[in-house]
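Summary of structural features
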Amino acid sequence: MSTRGLAVEAVNPTTPGHLALKKDDVVKVLSLHTSGYYFCEKGSGTQGWVKKASLILAKSFIPTANYTAGSDDELGLTSGTRVFGFTQEEEWWFGCSQSGKQGYFPGTFVDSPEPSPAIPKSPPLPSPVPNAAASSGGRKPPPPLPKKKPPLVPPVPPASSRASTRTKPATSHFQSSNPMQELNNKATGNVAVSMPPAPAPSPAPSPAAAASPGSTRNFKGTLPLQFLLWANNMALASAVWMVIFGIFTALWSSPLHYGCEIGGVAISKVYLAPLNASATSVICNPNEEDLPDLNGDLGIGLFSIFAGIAIYAFEGFGVDDRMWGCYYPSDSFSYTNKISMRGLVYILLSFPLFSKFPSALSASFLFFTGVVCLYGVHKGEAGDNGRAARAKRKAQAAQRGGGNRAPQSGGAQAGSWSPVTYYRKLVDENKLAIYVWVFLYFFSNALTFFYTLSIWIKNVEEMRQGLLDGTLDTLCNDDTCALNRIIVTKGGISSWGPYAKACGMCLNFNCSLIVYPIVKILLRRLNNIGVSFNNNKTANPTIFAKFFASPVTRLIPLSKNVDFHKLIAKVMGAFAAGHTIFHFFNYRSASEATLTIFKKWGWGGTAFFTGALICFSMFFIFTAASDTVRRAHYEIFFSAHHWFVVYFACLLMHGPVYWKWAFVPLSLYLIERVMQERRGDRPYYVNKVEWIDPVMAIQFRPVYKQDFVFKEGQYLYLNCPYINKNEWHPFTISSASSDLATGPRIALETGEEVREVPRPAGMSKSEKWHKYCSVGKDYTKLKPSELLDKHETGYNDYVSVHIKVHGLDSKVAKSWTRKLKEYFELMNPKKTFPFYLTHRDERGDIIVGRQKGPDGQQILRVDGPHSAPAEHFANYGTVMLIGAGIGLTPCASILTSMLRYKWKKNYQPEILHFYWMVRQGDIDSFQWLIHLLTDLSHGLKSAREQKQIGPQYYCEINIYITGVKKEPVPVPALRTQENRFQGSTTKPSFLASSLYGAMLNPSESSKSQVSVQNGVGSRGAKNRIQDIWIWNGRPDWDAIFAQNKRQRQHESIGVCFCGAPVIGKDLLKNCNKHSSKEEDIVFDLMKENF
Ligand SMILES: Cc1cc2nc3c(=O)[nH]c(=O)nc-3n(C[C@H](O)[C@H](O)[C@H](O)COP(=O)(O)OP(=O)(O)OC[C@H]3O[C@@H](n4cnc5c(N)ncnc54)[C@H](O)[C@@H]3O)c2cc1C
């Protein structure tokens, strides 16, 4: 099988025998010459030599399932039919099919890449002219070559071209003239003639070529883009504000003079001097030139506008859709010298803008952008964060109109649109509540805006009329008259004022609303009401509980809290911009009055200053809140978001009535933060740490159990003061709530789980016998002295989390999870896992669990539990639990809870389907789950035999092994001792090792799942172990949803999923497709992405 190569640059050879290629051409790579040339074939059948550096070789994949291309730039996949991938971006590969069609395909639909086939070597050539026919195994010979003898070695390209190949290894073909090579050549008698003819040096790749996927320029520095991504957002925002404030800097250079006129008409004579000076003490003098200096400047204004446009173009556009501002290959000047020219330019550009009042704010934005650029480059960040390829894919999809992959609902048929069908579709998809809330939100905003606007327009109108009629009272001593005196002498606010006011009122509303969706205590309360009601259906629910319980919980889409928070933030941003812009217009049109009134606005007349600080905080918060920045470096997002403290403090001083709006939400938030600190100070013991590369399982317990009462599916925050007192990380709880109440018995010395050893046969009953043995040991082979006495054991009540450790490849620990692992290793010098932590009590007895680390601080601080979508599983009679990767943690918690504890107490859900997708190569990382499933299965069997659970309870576990190798793989021993269930009255159906072996070598294809499970031989199917089915390949969701729909016992089925968004999309599509009002079935997706 020949592999494929992608041209990373245009190749225009002048030497015959070489292939001419366009950038992004795909060729078949037939053989490799020792001098660094591939012999290739184009789609047209033309063959020839191509320099190694001009191609990137493909990895070859076998799709495990069919994938229908969602847009023109995607490749459809057929299960079993090979595809080639050139470059990878997150879950997507850019590649080609065997026929050469290029496009993107999801990495989750293919096996791990097959080992690259060795490219056949072209043998040394007998003549000065490379005989391609000979060298490529009798393939079509290349075009005739020139009579001229080719040079000994390909000429070294000029420096400009070399720059583009700097990342190639030093052993590239340019160095094949080294002495060793020549000696070898001489020895074989092939001096100088074994080289294929050298092509004319190709022109240096254009930036566009360099920017394409698979470019030979190296876009990966020592650090990926992090601060520079933030800087890109900052620069774009600065540019926009430079244009806006530039306009005002120019406009403010010529403010409009009041001159005792309204719209060109003189105000009432009553107020005009000297006509009626005796009648009133307040006189407007049309000749008085007391126009304040607004500190505008036409030149600076224009400079700001043009610089803003240029920066936007530089940061926002680029060749091949690559943002120029983010374009940092590791061979750029900035990268090698660690100085950001871009940052320096921004700082320099900002200086002139600081000289004028309106442009000073955007100048400070730009200045800090420059500082962040300098910092990012100084740290060694380089790359493009995959933007180019993503942008290209999006643009292509948009261009060809194929980007829209919105799933069709099963309830509404395409082509039959009507309000009724649309309404049904929304109901079917459970989206109605979301739409209603969003509508209510926008409606409230519109109402607030227009109501305030109408009031202020009326005010301005009355004021103008009063000035014209002379009816404004200026003689009394109250506030109204004081304001009227200003209006008469300085003029009123302009007609821009009401718009600024309306935006301001909407800001009051939004700046208070934005806090509610992130107050966790509130969310937890609302979530808990729904869950607890359902758990106690038989009890008499209160009206309040009924309202928040399922299905009413669906009317409040609590799981969308973060989306709602983001929506409000965007609307807030728009109103803040409107408020600023309208005020600036107003200031220019009615500067005398506005300045006089503004001096009084805000707390102690600080409106200008606090307004500027509010804009400044928003600039930091908004630019760091994008998903790109958050994913690249969470700390940037986290730290920048803490500008909210300045934001709200200034807002309280800026808006005269804002405190009334903010009192409740800010108080709730403050309570939440205080409670978080208090929760974090509660004492916890860490019992056990297990390391199964790359997952670390931690078991801990609160010293006082009432400190941590949780529901399965919820998550918590962990903080390790040794690493950083302020850094909290969220993790889903992977144990069941009952594990904390009735955990297993363990050996106090080692922490290992133990079970009671049965009384030896023939031992008299009067003799005392309470002996225990580790579950992994065979007690029949142990001497009685090796068994543990009762006092050497104790109950281990625990909460567990399973943590995927990030950044294991880097030399130094940078990520928090890696630092945590290293901290535990520090406490565990033997570095053997599982590692049990113990302490001695006052009597000197060993107790499992340790509270304080070697530094004297608590090892782990815990904040939680907090609500999550999965906790609503208890609202459904039937639940599909779907997990992949570390997203399995909530599934593990729910399964343990139901199978081990709650079914014995008649809790719902009664039907549990668990779907677990795992790559064959990753199975070892999930040995903990294999042990857990074995224990749960045995417990279930035993409970059934002893009639502890009713016949209505049904559990089916489907394990899908993807990326399975063709040849059988050996089954090594499990890393930790397995439970042998000795002493159990129920015979186990299987042990963990047999499940592990079956998983490593799955026999049945997942395509036959529905037919096998519904067939007559399903009970004894070879891929079935008790309630567990093991499948080779990916799940066919369409067939699975259809089967669950056919066999349903309940009208709503909860689908809990945590894992990669690609699978989430697939599940959403199937939930929508298979939900149907007519057939009385709803699949509710409860989705979470870590
Ligand atoms: C509700 C929820 C539940 C989670 N449950 C689990 C779980 O059970 N097991 C598990 O292994 N992981 C879980 N995660 C993800 C986990 O929080 C991050 O992997 C972890 O914080 C990474 O930290 P790091 O510094 O080691 O990694 P980094 O390499 O710095 O970052 C890796 C990724 O984690 C994100 N991240 C980093 N710090 C945080 C933070 N403080 N808060 C949120 N995200 C962060 C980053 O944006 C990045 O995408 C969960 C995340 C959320 C939001």
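Below: a short report on this structure. Treat the numbers as computed from the prediction; the structure is a model and nothing was measured. (Residues numbered from 1 in each chain as written. Predicted model: local features only at pLDDT ≥ 70, side-chain atom pairs only at ≥ 80, totals over all residues. Heavy atoms only, no water.)

Formed by 51 residues in total, the largest nonpolar core has its most connected members in Phe-914, Trp-916, Leu-929, Leu-933, Ile-959, Leu-995 and Met-999. Sorting the residues of this core by element identifies strand 26 (878–884), helix 26 (889–901), strand 27 (911–919), helix 27 (927–945), strand 28 (954–962), helix 28 (992–1000) and strand 31 (1028–1032) as the ones contributing at least two each. The dominant element in this core, judged by the number of residues it contributes, is helix 27, at eight residues. Excluding residues within four positions of it along the chain, Ile-959 makes contact with Trp-916, Val-918, Leu-933, Leu-995, Met-999, Ile-1028, Trp-1029, Ile-1030 and Trp-1031. Within the second largest apolar cluster, 42 residues are counted, among which are Val-372, Leu-595, Phe-620 and Ala-624. (Core = buried A, V, L, I, M, F, W, Y, C linked by side-chain atoms within 4.5 Å. Buried < 20%, exposed > 50% of the residue type's maximum accessible area, 1.4 Å probe, protein only. Helix = DSSP H or I, 4+ residues; strand = E, 2+ residues; numbered from the N terminus. Contact = heavy atoms within 4.5 Å.)

On to the packing of helix 14 (residues 497–513) against helix 17 (residues 561–589), then. A pair of packed helices is captured by two measures, namely the crossing angle of their axes and the spacing between those axes. At a minimum axis separation of 8 Å, helix 14 and helix 17 run at an interaxial angle of 155°. As summarised for this structure, helix 14 and helix 17 are arranged roughly antiparallel, according to the angle between their axes. The hand of the helix 14/helix 17 crossing is left-handed. Of the residues in helix 17, those touching helix 14 at Gly-497, Tyr-499, Ala-500, Cys-503, Gly-504, Cys-506, Leu-507, Asn-510, Cys-511 and Leu-513 are Phe-564, Ile-568, Val-571, Met-572, Phe-575, Ala-576, Gly-578, His-579, Phe-582, His-583 and Asn-586. Of the residues in the contact of helix 14 with helix 17, the class split is 14 nonpolar, seven polar and no charged. (Axes fitted to C-alpha atoms, helices over the stretch in contact; angles between N-to-C directions. Parallel < 35°, antiparallel > 145°, perpendicular 65-115°, else oblique. Left-handed = near helix turned anticlockwise from the far one by under 90°. Nonpolar A, V, L, I, M, F, W, Y, C, P; charged D, E, K, R; others polar.)

What follows is about empty space enclosed by the protein. Remark: the empty space left among the atoms is shown by a probe the size of a water molecule rolled over them. Inspection of every chain in the model, using the stated rule, returns five cavities of 30 Å³ or more. When its volume is computed, the second largest cavity comes out at roughly 50 Å³. Residue assignment for the lining of the second largest cavity shows that the elements contributing at least two residues are strand 26, helix 26, strand 32 (1052–1058) and strand 33 (1082–1088). The residue inventory of the lining of the second largest cavity, partitioned by class, reads ten nonpolar, no polar and one charged. (1 Å grid on protein atoms, 1.4 Å probe; cavity = no way out; pocket = protein on both sides within 12 Å on 5 of 7 lines; lining within 4 Å. Points joined across faces, edges and corners; volume = space filled by probe spheres on them.)

Here we come to the sheet that holds strand 1 (residues 3–7). Sheet architecture is open: five strands sit in the order 4-3-2-1-5, paired in antiparallel fashion. With partners counted over all chains shown, the strands left at the sheet margins are strand 4 (47–51) and strand 5 (55–57), one partner each. Recorded for the sheet is a direction-independent mean angle of 45° between the axes of neighbouring strands. Sheet topology note: the strand 1/strand 2 (residues 26–33) ladder contains four bridges and is antiparallel. If you follow Leu-6 over to strand 2, its bridge partner there is Val-26. (Pairing = 2+ DSSP bridges.)

Taken together, 20 residues lie near the ligand, and Arg-630, His-729, Pro-730, Lys-804 and Thr-817 sit nearest. Arg-630 places a main-chain nitrogen or oxygen 2.9 Å from an oxygen atom of the ligand. Within the complex, 81% of the 870 Å² of free accessible area of the ligand lies under protein. Taken together, the elements giving at least two residues each to the shell around the ligand come down to helix 20 (627–632), strand 15 (728–732), strand 21 (799–804) and helix 25 (816–827). Of the residues forming the shell around the ligand, the biggest block, five residues, is contributed by strand 15. For the shell around the ligand, the per-class residue count stands at nine nonpolar, seven polar and four charged. (Near = heavy atom within 4 Å. Polar contact = N/O pair within 3.5 Å; in protein donor to acceptor, adjacent residues only side chain to side chain. Areas by Shrake-Rupley, 256 points an atom, 1.4 Å probe, with all protein chains shown as cover.)

Glycine aside, a negative phi is what most residues show, and trans is what most peptide bonds show. Along the chain, Phe-833 connects to Pro-834 via a cis peptide bond; the corresponding omega equals 0°. As for its placement among the helices and strands, Pro-834 is situated in the loop between helix 25 and strand 22 (835–836). Here the residue pair Gln-908 and Pro-909 is connected by a cis peptide bond, since its omega of 5° sits within 30 degrees of zero. The topology assignment puts Pro-909 in the loop between helix 26 and strand 27. Of note in this structure, Lys-338 is not a glycine but carries a positive phi near 60°. Tracing the backbone shows Lys-338 in the loop between helix 7 (333–337) and helix 8 (341–353). On the accessibility criterion, Lys-338 (33% relative accessible area) is partly exposed.

Where charged atoms from two side chains of opposite charge come close, those side chains can pair. With the rule as written, the count across this model stands at 23 salt bridges. With a shortest N-O distance of 3.6 Å, Arg-679 and Glu-672 are connected by a salt bridge. The pair formed by Arg-679 and Glu-672 is uniform in burial state, with each residue classed as buried. Close ionic contact of Lys-821 with Glu-825 constitutes a salt bridge, the shortest N to O distance being 2.8 Å. Here Glu-825 and Lys-821 lie together in helix 25, a separation of four residues that amounts to about one turn. For Glu-825, a relative accessible area of 15% translates into the label buried. Through salt bridges with shared partners, a single network forms among Lys-566, Asp-627 and Arg-630. (Salt bridge = Lys/Arg side-chain N within 4 Å of Asp/Glu carboxyl O.)

So, about the sheet that holds strand 12 (residues 684–692). With respect to topology, four strands assemble into an open sheet ordered 21-13-12-22, the strand pairing being antiparallel. Among the strands making up the open sheet, the edge pair consists of strand 21 and strand 22. The strands touched by helix 25 are strand 12, strand 13 (695–702), strand 21 and strand 22; relative to strand 13, the strand with the most contacts, the crossing angle is about 70°.

With that settled, consider helix 26. An α-helix turns once every 3.6 residues. As a result, residues three or four positions apart point the same way. Spanning 13 residues, helix 26 covers 18 Å between terminal C-alpha atoms, matching the ideal 18 Å at 1.5 Å per step. Among the 13 residues of helix 26, twelve are classified as buried, and the element is accordingly described as predominantly covered. Buried within helix 26 are the following residues: Thr-889, Pro-890, Cys-891, Ala-892, Ser-893, Ile-894, Leu-895, Thr-896, Ser-897, Met-898, Leu-899 and Tyr-901. (Expected span 1.5 Å × (residues − 1).)

This next bit is on the packing of aromatic side chains. All told, the structure shown has 56 aromatic pairs when counted by the stated rule. An aromatic cluster is present here, built from Phe-227, Trp-230, Phe-351, Phe-354, Phe-365, Phe-367, Phe-368, Tyr-375, Phe-616, Phe-619, Phe-620 and Trp-643 joined pairwise through their rings. The positively charged end of Lys-338 is found above the aromatic ring belonging to Tyr-335, 4.2 Å away from the centroid. Just above the ring of Trp-691 sits the side chain of Lys-821; from NZ or CZ to the centre is 4.5 Å. (Phe/Tyr/Trp six-rings, centres within 6.5 Å; stacked < 30°, edge-to-face > 60°. Lys NZ or Arg CZ within 6 Å of the ring centre and 35° of its normal.)

Helix 6 (residues 298–316) packs onto helix 5 (residues 227–251) with a crossing angle of 155° between their chain directions and a minimal axis gap of 7 Å. What the angle tells us is that helix 5 and helix 6 run roughly antiparallel. Crossing handedness for the pair helix 5 and helix 6: left-handed. Judged by residue contacts, Asn-232, Ala-235, Leu-236, Ala-239, Val-240, Met-242, Val-243, Gly-246, Ile-247, Thr-249 and Ala-250 of helix 5 engage Leu-298, Ile-300, Gly-301, Ser-304, Ile-305, Ala-307, Gly-308, Ile-309, Ile-311, Tyr-312, Glu-315 and Gly-316 from helix 6. For the contact of helix 5 with helix 6, the class distribution of residues is 15 nonpolar, seven polar and one charged.

Along the chain, the position of Asn-295 falls in the loop between strand 11 (265–266) and helix 6. Since its relative accessible area comes to 25%, Asn-295 is described here as partly exposed. Each C-alpha atom, one on Asn-295 and one on Ser-359, is 9.8 Å from the other, the two residues being 64 residues apart in sequence. Look past the residues within four positions of Asn-295 in its chain and what remains in contact with it is Ser-355, Lys-356, Phe-357 and Pro-358. Polar side-chain contacts of Asn-295 include one of 2.6 Å to the backbone nitrogen of Phe-357.

Moving on to the side chain of Ser-334. On the secondary structure map, Ser-334 appears in helix 7. Residues in contact with Ser-334, not counting those within four places in the same chain, are Tyr-328, Ile-339, Ser-340, Met-341 and Val-377.

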